[in-house]
Amino acid sequence: MAESALNTPRPNYTLGTVLTAMVTPFKDNGEVDYEATAKLANKLVDDGCDGLVVTGTTGETSTLTDEENLAMFAAVRDAVGDRAKIIAGTGTNDTRHSISLSQRAAALGGIDGLLLVTPYYNKPSQAGVKAHFEAVASATDLPVMLYDIPGRAGIPIEPETIIELSKHQNIVALKDAKADYQSTTTVLGATDLDVYSGDDGLTLPLMAAGAVGVVSVTAHIAAAQYRILVDAMLAGDLATARATHFALDPIQRAVMSHIQGAVSAKHILHWQGVLPNTVVRLPLVAPSEAELDSIRTDLREGGWEL
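Summary of the structure given here. Fair warning: this is a prediction, and the values are worked out from it, not measured in the lab.

What follows covers the environment of Ala127. On the secondary structure map, Ala127 appears in helix 5 (residues 126–137). In this structure the C-alpha to C-alpha distance between Ala127 and Thr161, which are 34 residues apart in sequence, comes to 8.1 Å.

Structure below.
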């Protein structure tokens, strides 16, 4: 390992390096629990996150009203202040709606960036995808992170489209949940975007190609480990990063392999005493006992007893 890599301080990326895609806590009656939200946000920052994505897809954003989204942004902002970057999930499959929500988020103040997911279900052409992102990115002065997740959106953002979008002054980052290493490589080689792994288990290989960090669901319960992995990769300490990568594997499987990530994360956080309940909104539902047993089995493999 090069001595210079060991002595290189962590870069100050625009939107951070270890980001949690936060769940949205609910009360027993299904209302948003802003007190639990603030508690969770502070815990995540204390554990090592320098960025929080609020009401992205893991935050059940499609079941929230605009007022609830905005109140979530404000609750997290007020809880952590300038201790972490606050990235507001304002992307929808309706360009006008996305513009309106983005502008209202920007007007709150204290929001550091926007997460814009690929417009889902409509299945626009790549020209439509490009026009959508450019319109929303132009609606505020906030930095934008594109979110490429074809498994949810139904379509990818093709590398050529991402390269064109990277020329927009406000589009600075990409959350890459495509699981297509060639596509990631093409984007990293042709742009100066800050690329983040959107697949928890691919953090190490994507950073090896030049990604700057991760936007993680598993970081709800393992932020400190992701902090070690990401910092090690940024410093060129592959041995530490690799060891942490393998240690995280059963924890990642517990959160991401059996049921929808928001559901599993809420259950584990409840077992830890961080959240008061495990409430999700339909169409998400509670897991079966067999699914919960699978989660516990993976956690035990990772050295956890809950």
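So, on to the sheet that holds strand 1 (residues 18–21). Read once around its circumference, the closed barrel built from eight strands follows the order 1-2-3-4-5-6-7-8, with strand pairing classed as parallel. For this sheet, the mean inter-axis angle between neighbouring strands, taken without regard to orientation, is 25 degrees. In this sheet, strand 8 (residues 213–216) lies alongside strand 1 in parallel orientation, the contact comprising three bridges. Within strand 8, the residue paired with Val18 across the bridge is Val214.

One recurring pattern in soluble globular proteins: nonpolar side chains tend to sit buried together. Formed by 92 residues in total, the largest nonpolar core has its most connected members in Leu52 and Ile221. Looking at this core, the element that brings in the most residues is helix 10 (residues 219–235), giving nine residues. For Ile221, the residues in contact, after removing those within four places along its chain, are Ile251, Val255, Ile268, Leu269, Gln272, Leu299 and Trp304.

Reading the values: the criteria
- Residues numbered from 1 in each chain as written.
- Predicted model: local features only at pLDDT ≥ 70, side-chain atom pairs only at ≥ 80, totals over all residues.
- Heavy atoms only, no water.
- Helix = DSSP H or I, 4+ residues; strand = E, 2+ residues; numbered from the N terminus.
- Pairing = 2+ DSSP bridges.
- Axes fitted to C-alpha atoms, helices over the stretch in contact; angles between N-to-C directions.
- Core = buried A, V, L, I, M, F, W, Y, C linked by side-chain atoms within 4.5 Å.
- Buried < 20%, exposed > 50% of the residue type's maximum accessible area, 1.4 Å probe, protein only.
- Contact = heavy atoms within 4.5 Å.

The values reported here are purely geometric and, on their own, carry no functional implication.
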